[in-house]
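Okay, here's what each chain looks like letter by letter:
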Amino acid sequence: KMTILEYHTGLRMEEAGWMLRESPLSVSEISSRVGYSEPFYFSSVFRKCHGISPREYRKKAPEFS
């Protein structure tokens, strides 16, 4: 069972993943656009969700497409 907060965080991380794959925006800009004012916190949440950092995810993005 998933809480509303977990669901909302999942949606934000899904959107962040899409932006990392499809846009040239910086990690800081993406973090801001999905609602995180602190890029370091965004990165830790992203890592918890995806298992790798946003930068690593971007480098491996073609593998996910």
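You'll find the structure just up there.
Position labels on residues start from 1 in each chain and follow its written sequence. Since the coordinates come from a predicted model, pLDDT governs what is reported: local features require at least 70, and pairs of side-chain atoms require 80 or more to be given and counted, while whole-chain, interface and lining totals use all residues. To obtain the side-chain values, all non-hydrogen atoms of the structure were used and water was disregarded.

> Is there a simple way to think about the environment of Glu22 in this case?
Strands here mean DSSP runs of E at least two residues long; helices mean DSSP runs of H or I at least four residues long; both are numbered from the N terminus. The topology assignment puts Glu22 in helix α1 (residues 4-22). Accessibility expressed as a relative area gives 49% for Glu22, which makes it partly exposed. Sequence separation between Glu22 and Arg58 is 36 residues, and the spatial gap between their C-alpha atoms is 9.2 Å. Three labels apply to residues, based on accessible area from a 1.4 Å probe with only protein chains included: buried if under 20% of the type maximum, exposed if over 50%, partly exposed otherwise in between.

> Which parts of the structure should I look at to understand the packing of aromatic side chains?
Aromatic ring pairs are defined here through the distance separating the ring centres and the angle between the ring planes. Two rings from Phe, Tyr or Trp (for Trp, the six-membered ring) form a pair when their centres sit within 6.5 Å of each other. Planes less than 30 degrees apart are called stacked, planes more than 60 degrees apart edge-to-face, and all others tilted. In total, this model carries four aromatic pairs according to the counting rule given. Ring centres of Tyr36 and Tyr41 lie 5.8 Å apart, and the angle between their planes is 50 degrees; on these two criteria the pair is classed as tilted. Geometrically, the ring pair formed by Tyr36 and Phe42 is tilted, given 5.7 Å between the ring centres and 55 degrees between the ring planes. Neither residue differs from the other here; Tyr36 and Phe42 are each classed as buried. Here the aromatic residues Tyr36, Tyr41, Phe42, Phe46 and Tyr57 are joined through ring pairs into a cluster of three or more. In our convention, an over-ring charge means Lys NZ or Arg CZ found within 6 Å of a ring centre and within 35 degrees of that ring's normal. It is Arg12 that lies over the ring of Tyr36; its NZ or CZ is 4.0 Å from the centre.

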